[in-house]
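# Per-entry structural report
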Amino acid sequence: MTFDLVVRGGTVVTATGRQRADVYVQDGQIGAILDPDSPESADQVLEADGRFVLPGMVDTHVHLMEPGDSTREDFPTGTRAAARRGVTTIVEHTHGWPLTDAGRFVDKRYHLRNRSYVDYALAAHVFPEHVGEIRGLWEAGVAFFKIFTCATHGIPAVTPATLLDVFQELADLDAVCLVHCEDDVMTAANERRLKAEGRIDPGVIPEWRSREAELVAVGSAAMLAKVTGVRATVAHASSADVVDLIQRERDAGSPLVAETCPQYLYLHESEIHEHGPFRKFTPPARIRSTEDQDRMWNAFNDGSISHLSTDHAPSTAAQKREGTIWECHFGLPGLDTTVPLMVDAALR
Ligand SMILES: [Zn+2]
């Protein structure tokens, strides 16, 4: 038969290995992966000699700020950046317009029609006062539920008492959740202390969003996940200490798994002093030494870290410079940098 397109002569890389092969595409989908000398033909030929041909990245943690104020980012620009740099599927959730019930999920899907250049799914938020909406959202087709253990980005905290109920409800539905782990009481106490001291230097970020606050929240989530059996992922595990804690809990029977992002494999904690708002994201970068960095890469390579996402949440440079370090936006871009960074790492 004649296919629409062939990507010819490249080295096809999959989860199980690499091989010289030609990739044939029909109606926008892979129709066949065949030996280089196969007799099939195609209307369009893309020569990939000397190149790697990789599956598109599935990025499960993306913020594109729609509906709502999309001056930071929107679906057309964000998904164009994704497609250009090898991310072909995203799971998106935005804190500015959270999906707290099934009606909002329907509204958002309608809003997004013809606005994405890649495949996408949507995740919902769990608000403490909307726990009763979880079932309806899951049955409507959300990909997962985002839970914050601390009040952040305008999203209220789910504290341990409520988290137990939420995990139980999710476990009963066999639903999936992504948990942002920073302890609400500890981060709030840090914030009060730092502000009382009059601190406005960028160094407040790692003190406010402390290592201990993250570890305490991961510990609670791990314990409650073990009690309920919920399928939960710790969002953006920021250090090897966090990954080790999750691994210990897994060894003890907790179903928790760890996600991380390139910023926790590459960026150093001290960069906040030089780059200020351009390194403001939470949890912050934790790497202090080559050993710290090696431990994270080893955890990534040995499977202690389940998967990589971007936590894509960009701002314009002007927006990043607005206000004090307390006031400017959290977040980094990632859709257009992550695949190149990881391919680069793989080739070293
Ligand atoms: Zn995020």
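Attention here is on the structure that accompanies the text. Model, not experiment: these values are computed from the prediction. In this numbering scheme, every chain counts its residues from 1 along its sequence in written order. In keeping with the predicted nature of the model, local features appear solely for residues at pLDDT of at least 70, side-chain atom pairs appear and are counted solely at 80 or more, and the whole-chain, interface and lining totals rest on all residues. Where side-chain values are given, they derive from all heavy atoms of the structure, hydrogens and water being excluded.

## What to know about the layout of surface pockets
Note the following rule: The method works on a 1 Å grid over the protein atoms by themselves. A cavity is a set of points holding a 1.4 Å probe that cannot get out, a pocket is an open set with protein on both sides within 12 Å along at least five of seven lines, and residues with an atom within 4 Å of a point line them. Grid points are joined across faces, edges and corners, and a volume is the space filled by probe spheres set on the points. Helix numbering and strand numbering both begin at the N terminus, where a helix is a DSSP run of H or I of at least 4 residues and a strand a DSSP run of E of at least 2. Residue polarity follows a fixed list, in which Ala, Val, Leu, Ile, Met, Phe, Trp, Tyr, Cys and Pro are nonpolar, Asp, Glu, Lys and Arg are charged, and the others, Gly among them, are polar. Where each domain begins and ends follows an automated or database-derived domain assignment.
Empty space within the largest pocket amounts to approximately 1,600 Å³. Forming the walls of the largest pocket are 40 residues, and the residues nearest its centre are Val13, Val53, Leu54, Pro55 and Gly56. Counting residues per element, the lining of the largest pocket draws most heavily on helix α13 (residues 338-347), at 8 residues. Taken together, the residues of the lining of the largest pocket break down into 27 nonpolar, 10 polar and 3 charged. Taken together, domain 1 (2-52) and domain 2 (56-347) each give at least three residues to the lining of the largest pocket, which thus spans both. Quantified by volume, the second largest pocket comes out at close to 490 Å³.

## Some thoughts on the packing of helix α7 (residues 211-228) against helix α8 (residues 240-251)
We count it as follows: Lines fitted to C-alpha atoms define the axes, with helix axes restricted to the stretch in contact, and inter-axis angles between N-to-C directions lie between 0 and 180 degrees. Angles below 35 degrees are treated as roughly parallel, those above 145 as roughly antiparallel, those between 65 and 115 as roughly perpendicular, and all remaining angles as oblique. Crossings are assigned a handedness: left-handed for a near helix turned anticlockwise from the far helix by less than a right angle, right-handed for a clockwise turn. By the convention used here, residues are in contact when the closest approach between their heavy atoms is within 4.5 Å.
The interhelical angle for the contact between α7 and α8, taken along N-to-C directions, is 20 degrees, at an axis separation of 10 Å. One finds that α7 runs roughly parallel with respect to α8. Classified by chirality, the crossing of α8 by α7 is right-handed. Two secondary-structure elements touch here, α7 through Glu214, Leu215, Val218, Gly219, Ala222 and Lys226 and α8 through Asp241, Val242, Leu245, Ile246 and Glu249. Of the residues in the contact of α7 with α8, the class split is 6 nonpolar, 1 polar and 4 charged.

## A short note on the nonpolar core
Heads up, the rule is: We call a set of buried residues a nonpolar core when its members are Ala, Val, Leu, Ile, Met, Phe, Trp, Tyr or Cys and they connect through side-chain atoms within 4.5 Å of each other. Using a 1.4 Å probe on the protein chains alone, a residue whose accessible area is under 20% of its type maximum counts as buried, one over 50% counts as exposed, and one in between counts as partly exposed.
Within the largest apolar cluster, 63 residues are counted, with the highest numbers of intra-cluster contacts made by Phe145, Ile147, Phe167, Leu170 and Cys177. Non-local contacts of Phe167, meaning those with residues more than four positions away in its chain, are made with Ile147, Cys177, Val179, Ala221, Leu224, Ala225, Thr228, Val230 and Ala232. Listed in part, the 9 residues of the second largest apolar core include Trp208, Ile272, Ile325 and Phe330.

## Description of the pattern of salt bridges
Side chains carrying opposite charge are able to pair once their charged atoms draw close together. Stated formally: Within this document, salt bridges are pairs made up of a side-chain nitrogen of Lys or Arg and a carboxyl oxygen of Asp or Glu, the two lying within 4 Å of each other.
Tallied over the entire structure, the rule returns 20 salt bridges. Across the salt bridge formed by Glu207 and Arg193, the nearest N and O atoms sit 3.6 Å from each other. Note that Glu207 is positioned in helix α6 (residues 204-208) and Arg193 in helix α5 (residues 184-196), a separation of 14 residues in sequence. With a relative accessible area of 36%, Arg193 lands in the partly exposed category. The closest approach of N and O atoms between Arg279 and Glu271, which form a salt bridge, is 2.7 Å. With respect to class, Arg279 is no different from Glu271; both count as buried.

## Structural notes on empty space enclosed by the protein
Summed over the entire model, instances satisfying the criterion amount to 1 cavity of 30 Å³ or more. Ile205, Pro206, His268, Glu269, Ile272, Arg279, Pro284 and Ala285 together form the lining of the largest cavity. Residue composition of the lining of the largest cavity, by class: 5 nonpolar, 1 polar and 2 charged.

## Some details on the sheet that holds strand β7 (residues 52-53)
Note the cut-off: Two strands form a pair only when DSSP identifies at least two bridges running between them.
As summarised here, the arrangement of the 3 strands in space is β3-β2-β7, forming an open sheet in which the pairing is mixed. Whereas interior strands pair on both sides, the edge strands pair on one side only; in this sheet they are β3 (17-20) and β7. Relative to β3, strand β2 (residues 11-14) runs antiparallel, the two sharing 4 bridges. Bridged to Thr14 within β3 is Gly17.

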